[in-house]
Amino acid sequence: MKKKYFGLNLPMLLVLSAIVFIATYMGVLSEDLAGGVALMFAIGIILYEIGERIPIWNTYVGGGLVLAFLGTAILVYLHVIPEEYVELISSVNSKPMGVLNFFIIMLISGSLLGLNRDLMIKSFAGYIPAILGGVLGAAILGIIGGLFFGVSPANTILKYVLPVMGGGNGAGAVPLSQIYERVTGDAAANYYGFAISILTIANIFAIIAGGILNKIGEARKGLTGDKKTLMRSAPEIEQNEEKFTTQLKDYAGAILMGLTFYQLGRLVADKIWDPLVPSVPIHPFAFMIIIVALANGLGLVPGSLRQAAKEVQSFFTKNIVILIMVGVGVETDLNELIAAITFGNVVMAFLIVVGAVIGSGLVGHLVGFFFVDSAVTAGLCMANRGGSGDLAVLGAADRMDLISYAQLSSRLGGGIILVIGSILFGTLM
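Here is what the cut-offs are and how they apply
- Residues numbered from 1 in each chain as written.
- Predicted model: local features only at pLDDT ≥ 70, side-chain atom pairs only at ≥ 80, totals over all residues.
- Heavy atoms only, no water.
- Core = buried A, V, L, I, M, F, W, Y, C linked by side-chain atoms within 4.5 Å.
- Buried < 20%, exposed > 50% of the residue type's maximum accessible area, 1.4 Å probe, protein only.
- Helix = DSSP H or I, 4+ residues; strand = E, 2+ residues; numbered from the N terminus.
- Salt bridge = Lys/Arg side-chain N within 4 Å of Asp/Glu carboxyl O.
- Patch = residues over 30% accessible without salt bridge, like charges linked within 9 Å, V, L, I, M, F, W, Y side chains within 5 Å.
- Areas by Shrake-Rupley, 256 points an atom, 1.4 Å probe, with all protein chains shown as cover.

A.B. asks: Just give me the short version of the nonpolar core, but keep the residues and values in it.
C.D. replies: Ranked by internal contacts, the top residues of the largest apolar core, which has 120 residues, are Met-165, Met-325, Leu-380 and Leu-391. Here this core gets 14 residues from one element, more than from any other, and that element is helix 13 (residues 303-330).

A.B. asks: Please give an account of the pattern of salt bridges that cites residues and values.
C.D. replies: All chains considered together, the criterion is met by five salt bridges. Salt-bridge contacts for Glu-218 lead to Lys-227; the nearest nitrogen and oxygen are separated by 3.4 Å. A relative accessible area of 31% means that Glu-218 is categorised as partly exposed. Across the pair Asp-373 and Arg-399 runs a salt bridge, and its minimum N-O distance is 2.8 Å. Highlighted residues: Asp-373 in helix 16 (residues 371-380) and Arg-399 in the loop between helix 17 (386-397) and helix 18 (403-428), separated in sequence by 26 residues. In this structure Asp-373 comes out as buried when scored by relative accessible area, which is 0%. Residue Arg-399 is classed as buried on the basis of its relative accessible area, which comes to 0%. Counted as one network, the salt bridges with shared partners bring together Lys-215, Glu-218, Lys-227 and Asp-398.

A.B. asks: An account of a nonpolar patch on the surface is needed here, citing residue identities and associated values.
C.D. replies: On the surface, a nonpolar cluster with roughly 570 Å² of combined accessible area is contributed by Tyr-25, Ile-74, Tyr-77, Leu-78, Val-80 and Ile-338. Mapped onto the elements of the fold, Leu-78 is located in the loop between helix 4 (63-77) and helix 5 (83-93).

Spelled out as structure tokens, the structure:
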């Protein structure tokens with residue numbers, strides 16, 4: 001049987017990709033969703049297939065998905081992709097078209113609705129302690145590292161740990177810099193420039209750590225489960241999954257349902273939460289997760305729609321993720337990373353990520369989670385660049401089904417860091 005590459009044989013893949021690349025370099029590739037997606041797939045599939053075949057890289061670094069991300073970033077840095085199509089890919093991935101948001105919405109609704117209700121409730125109850133364990137571990141190892149490089153504990157916490165564990169760029173580094181400016185009177189840009197550099201280094205370590213944790217879980221079966229759940233003592237995992245008959249129209253209903261859950265999350269965030277607690281903004285995804293969890297827990301969604309949502313999520317996880325990795329690569333500024341690479345910064349960022357893994361893994365184990373899965377979601381998904389970082393980490397760790405927990409880390413966990421930052425900026429500076 002001939003090898004297939006996302007359903008294509010090698011000659012078909014090469015011919016289709018060549019047509020897209022020729023259109024790109026001749027400037028006739030359409031600057032719309034169709035052109036952007038075609039170019040993203042052509043780049044992403046080729047880099048993915050190469051990454052899956054590079055020894056060591058495919059085992060410990062994250063394989064094809066990570067190469068699709070980093071390889072695209074390098075192509076942009078070297079100006080291999082024409083500037084107008086770099087902008088096109090960026091617009092397709094984030095704004096105004098927002099494929100990244102669409103992807104996350106489908107993953108959240110499918111992963112939560114596909115969970116056993118009792119298992120979901122037990123998992124959520126122990127998740128905040130696991131996040132706090134990761135923050136504590138990151139702070140302890142970060143301070144130890146800072147002492148070696150002459151950085152005071154206060155500066156380590158404020159300038160290294162908080163940005164890394166803050167839930168990414170838009171939800172963490174940006175609002176933290178605004179809090180910094182409000183409390184200290186110094187320009188927000190003076191804090192942000194350094195914070196985003198440290199966060200970028202930590203994000204790379206988090207992705208690599210995801211791949212390593214996946215291999216540890218495969219070698220030590222007691223440290224992980226089925227890569228879809230967090231709970232250790234959950235007999236539901238051993239049971240046969242519920243199966244419902246789905247029709248094609250159920251998929252349309254599941255997509256509409258997921259998108260509507262997100263809009264409801266925006267309503268809660270913008271019109272209820274923000275007016276009541278303006279100093280601690282929380283992303284609509286956090287409220288969407290709560291709403292979907294409630295809908296599942298209360299049995300409000302019919303079984304056929306839950307099954308359809310789960311199957312839509314599976315399709316996105318296995319196929320559309322390639323687009324997302326290319327989009328994330330386009331929006332990764334390698335200049336930022338290069339500028340921040342000093343020996344001290346790299347070591348401190350590394351220690352913070354290791355601390356997050358140890359702290360979240362140990363606390364997660366205490367509350368009944370698998371060590372590896374808790375470390376990936378409550379630890380690494382706090383120590384990366386938010387939503388896009390979550391996808392890169394989960395892809396490297398082969399745990400895309402845990403996206404809802406990852407988003408809780410980036411969104412709700414990021415909100416916790418903003419509260420901590422608001423207090424510490426006033427007391428430590």
